[in-house]
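Examination of the molecular architecture
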Amino acid sequence: MSGDYGKWFNNFMEYINSKSYEEAVEHFKIGFEIVFSSSNIYEVYCLASKIPKQYYKSSFSKLLLGWLCFACGDNKMVEWVLLNVNENELKEPEYRSTFYALKSMTTAMYSKEESLRYGERAIEVLQKENWSFIAGNAYMTYGRQLTNNKLYRKGARYFEKAYNIFRKLEGNFLSINCFVSNCLNLYALGECREVINKCNEALMFNTSKNSQADDYISIIKLPMGMSYYELNKISLAIEALNDAKSAIVNLKLVHMHGILEQYLFECYRIADDKNSMEKIIAELESIFANVHYPEANNLIASLKIKMAFYKGEDPKKEWVEKLELAYQLEKEGTPTFLYEILTELKLRGYSKLMSSDILLNKLTGLQFEGHVPEIQSISLYLAEFFYNKHKNSTSKVHLKNACEIYDEYNISAKFFNGSLRCYIYLSDINSSIESKMRSSGLLHDNVNASEIKENLTNRELEILQLIGQGKSNKEIAETLFISIGTTKWHINHIYSKLSVKKRFNAIEKAKRLNLIY
């Protein structure tokens, strides 16, 4: 099906250019499966929008226009379609299903319950064992609404049904889209190893010599990379996420940016790759420079704050205020990454907004939803909150919850994304994760600052100050008029004396011990 798109589009363009609008609309109706199975839907929208409205005479042609406009963000035209389609005149089950599915998508913005009801109706009006494109669309739509309502397991099942239909119809783009959505739901349930197995199997059986088809398939590596990250397989995660990134850029799938860069940034932070972290932020700013997308802007601000912490710098007040305001405006709809960064700001003394009560409410919601990686993350922050309040038993409860997720799902990356004081309890709770943390230099030992300072040479202390200022090895070498090799040699000695393995851990520990200022 996907291979017929070029021929279909050229004919459609000829009809439009010759102002043969009736023929163009009929051509659209006949080839709608080809259109919606392609990632090039925006160029179809640009042409279809040139057709005067009066030529969309049948209800089905209006509904197809509505779906096209919805996919391209033309909400005004979608509204016109829904006002001009009479539900009672839709006799064919496929037409009614298309109508209910569109209503499901458009009502999601203001009523999740109503959106779910329309999604169910889109499926109910169709006959059982229906393997049509319309049925695939109904299953996919319902899967989206289930996911929006945090019903991940059920959502995954419906995405899998849609995937099987679109794959049978050779709708490559939509089948891969549903496959990725299915895997993202399984990821939320903590089933990272299952996601990796499914992705490897799909990659094995979907290889192609067609570059665009390869891009479709490479999108699979997004949930795969996210799962590698959670399992703390950072090199594998970086490789998979960068492959997915190339495909997303080539296919111009702007809506998939943000989540990808968020995970890549965290991978680079664990890998101690400052340059790549800065590059991620610059790329995101470029992608969303001319787009009003508040969540993306909030993500960029949060990454800038994390970058400042990594470099041992203070975050800008404007970044902090932006995120505080975003939380105050959204509250219940606030994404988890905002809770995480606002908590880090609170723990470091840059914000007073977050509290243990807010985090406990968030944790309760996540436990009801069943988002396993996020449950682990918030549990760790709660453990740190209560540790700082000297409520040791409560701190241990939340740390134990995070460790139990590690035991059951093998998810551990959140432990390695920062150095928390509550980790001193790990030896009593989970010796396995404690051993891994200790080997990574992330555990806070009871160390004597003056003793460490005496063990550091004057040159090492000098270099440590420059590291704290965020300078690279090259910049340090130039400042001190020494070679890069000598600089690296000194830094390795500093790491050894501080019992750390990464630059940002060295900065955190040195600051805590007042070795840098």
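Residues numbered from 1 in each chain as written. Predicted model: local features only at pLDDT ≥ 70, side-chain atom pairs only at ≥ 80, totals over all residues. Heavy atoms only, no water.

So, the packing of aromatic side chains
Defined as follows: Centres within 6.5 Å make a pair out of two Phe, Tyr or Trp rings, where for Trp the six-membered ring is used; the pair is then stacked when the planes are under 30 degrees apart, edge-to-face when over 60, and tilted otherwise. Each helix is a run of DSSP H or I of at least 4 residues and each strand a run of E of at least 2, with the numbering of both proceeding from the N terminus. Remark: exposure states derive from per-residue accessible area (1.4 Å probe, protein chains only) relative to the maximum for the residue type, with buried under 20%, exposed over 50%, and partly exposed in between. Working rule: Lys NZ or Arg CZ, within 6 Å of ring centre, within 35 degrees of ring normal, means a charge sits over the ring.
Following the criterion strictly, the structure yields 26 aromatic pairs and no others. When the centroid spacing of 5.9 Å and the interplanar angle of 45° are considered together, the rings of Tyr 139 and Tyr 158 count as tilted. Remark: Tyr 158 occurs in helix α10 (residues 152-168) and Tyr 139 occurs in helix α9 (residues 133-148); sequence separation between them is 19 residues. By relative accessible area, Tyr 139 is classed as buried at 17%. By way of ring pairs, the aromatic residues Tyr 5, Trp 8, Phe 9, Phe 12, Phe 28 and Phe 36 are connected into one cluster. Its end group placed over the ring of Tyr 158, Lys 161 keeps NZ or CZ at 4.7 Å from the ring centre. Here the guanidinium or amino end of Lys 168 rests over the ring plane of Trp 131, the centre of that ring lying 4.9 Å away.

Here's the deal with the confidence of the model for the chain
Counted only if it meets this: As a per-residue quantity, pLDDT reports the predictor's confidence and falls between 0 and 100.
Mean pLDDT over the chain works out to 90, with 95% of the residues at or above the 70 mark. Here helix α26 (residues 449-455) stands out as the element of the chain with the lowest mean pLDDT, 73, in contrast to helix α14 (residues 221-230), whose mean of 97 is the highest.

A few points about the side chain of Ser 61
Heads up, the rule is: In this description, contact between two residues means that some pair of their heavy atoms is separated by no more than 4.5 Å.
With respect to the helices, strands and loops of the structure, Ser 61 is situated in helix α5 (residues 59-71). Those residues in contact with Ser 61 that sit more than four places away from it in its chain are Val 25, Lys 29 and Tyr 56.

With respect to the state of the cysteines
Under the convention used in this document: Count a disulfide wherever a pair of cysteine sulfur atoms falls within 2.5 Å.
Taken as a whole and judged by the stated rule, the model has zero disulfides. In this structure Cys 192 is a free cysteine whose sulfur lies 11 Å from that of Cys 199, the closest cysteine sulfur available.

Topic: the side chain of Ser 97
Among the secondary structure elements, Ser 97 is positioned in helix α7 (residues 93-107). Apart from residues lying up to four places away in sequence, Ser 97 is in contact with Ala 122, Val 125, Leu 126, Ile 134 and Ala 138.

So, the layout of surface pockets
The cut-off we apply is this: Two kinds of site are reported from a 1 Å grid over the protein atoms alone, namely cavities, where a 1.4 Å probe fits but cannot get out, and pockets, open sets with protein on both sides within 12 Å along at least five of seven lines, and residues are called lining when an atom falls within 4 Å of a point. Grid points are joined across faces, edges and corners, and a volume is the space filled by probe spheres set on the points. When residue character is reported, Ala, Val, Leu, Ile, Met, Phe, Trp, Tyr, Cys and Pro are called nonpolar, Asp, Glu, Lys and Arg charged, and the others, Gly included, polar.
Of the voids in this model, the second largest pocket is the one considered here, and its volume is about 270 Å³. As for the second largest pocket, its lining consists of 13 residues, and the residues nearest its centre are Lys 128, Glu 129, Asn 130, Tyr 139 and Lys 161. Listing elements by their share of the lining of the second largest pocket, those giving two or more residues are α9 and α10. Looking at side-chain class alone, the lining of the second largest pocket contains seven nonpolar, three polar and three charged residues.

Quick word on unusual backbone geometry
Positive phi outside glycine occurs at Glu 170, with the angle close to 60°. Considering the arrangement of structural elements, one finds Glu 170 in the loop between α10 and α11 (172-188). At Lys 252, a residue that is not glycine, the phi angle is positive and equals roughly 55°. Considering the arrangement of structural elements, one finds Lys 252 in the loop between α15 (234-250) and α16 (259-270).

Considerations on a positive patch on the surface
Formally: Patch definition: residues above 30% relative accessible area lacking any salt bridge, with like charges linked at up to 9 Å and the nonpolar side chains Val, Leu, Ile, Met, Phe, Trp and Tyr linked at up to 5 Å. Residue-level accessible areas treat just the shown protein chains as cover; the underlying method is Shrake-Rupley with a 1.4 Å probe. We define a salt bridge as a contact between a side-chain nitrogen of Lys or Arg and a carboxyl oxygen of Asp or Glu at a distance within 4 Å. Positive residues here are Lys and Arg, negative ones are Asp and Glu, while His and the chain termini are left out of the count. Lysine's charge is taken at NZ, arginine's at CZ, aspartate's at CG and glutamate's at CD.
Judged by side-chain charge, Lys 346, Lys 352, Lys 389 and Lys 391 come together as a positively charged surface patch. Position of Lys 346 among the secondary structure elements: in helix α20 (residues 336-347). For Lys 346, a relative accessible area of 31% gives the class partly exposed.

Notes on helix α17 (residues 274-287)
Condition: By definition here, a helix of n residues has an expected span of 1.5 Å times n minus one.
Taking 1.5 Å per residue, 14 residues should reach 20 Å; α17 reaches 20 Å between its end C-alpha atoms and fits that length. Among the residues making up α17, those that are buried are Lys 274, Ser 276, Met 277, Ile 280, Ile 281 and Leu 284. Turning to α17, the residues buried within the fold contact α15, α16 and α18 (294-310).

Some details on the pattern of salt bridges
It is possible for side chains of opposite charge to pair when their charged atoms get near one another. Tallied over the full model, the rule gives 15 salt bridges. Between Lys 57 and Glu 22 there is a salt bridge whose closest N-O contact spans 3.4 Å. Remark: Glu 22 occurs in helix α2 (residues 21-30) and Lys 57 occurs in the loop between α4 (41-48) and α5; sequence separation between them is 35 residues. A salt bridge links Glu 230 to Lys 414; the nearest nitrogen and oxygen atoms lie 2.9 Å apart. Of this pair, Glu 230 sits in helix α14 while Lys 414 sits in the loop between α23 (392-409) and α24 (426-429), and the two are 184 residues apart along the sequence. Pair check on accessibility: Glu 230 and Lys 414 agree, each one buried. Overlapping salt bridges bring together Glu 87, Arg 96 and Arg 121 as one network.

As for the packing of α11 against helix α12 (residues 192-205)
Geometry of a packed helix pair, given as the angle between the helix axes and the separation of the axes. Threshold: Here, axes are lines fitted to C-alpha atoms. For helices the fit covers the stretch in contact, and angles between N-to-C directions go from 0 to 180 degrees. Orientation categories follow fixed angle ranges, with anything under 35 degrees roughly parallel, anything over 145 roughly antiparallel, 65 to 115 roughly perpendicular, and all other angles oblique. In this scheme the handedness of a crossing depends on how the near helix is turned from the far one: anticlockwise by less than a right angle means left-handed, clockwise means right-handed.
Two elements in contact, α11 and α12, have axes separated by 8 Å at closest approach and are oriented at 160°. Relative to α12, α11 is oriented roughly antiparallel. α11 and α12 meet at a crossing whose hand is left-handed. On α12, the residues that touch Phe 179, Asn 182, Cys 183, Leu 186 and Tyr 187 of α11 are Cys 192, Glu 194, Val 195, Lys 198, Cys 199 and Ala 202.

Quick notes on the nonpolar core
Put simply, the test is: Residues belong to one nonpolar core when they are buried, are Ala, Val, Leu, Ile, Met, Phe, Trp, Tyr or Cys, and are joined through side-chain atoms within 4.5 Å.
Among the nonpolar cores identified, the biggest contains 163 residues, and Phe 12, Phe 28, Phe 36, Leu 68, Leu 399, Phe 415 and Tyr 423 are the most heavily contacted of them. In this view, Phe 12 contacts Ala 24, His 27, Phe 28, Val 44, Leu 47, Ala 48 and Ile 51; residues no more than four positions away in its chain are not counted. With 20 residues, the next largest nonpolar core counts Ile 467, Ile 494, Tyr 495 and Ala 506 among its residues.

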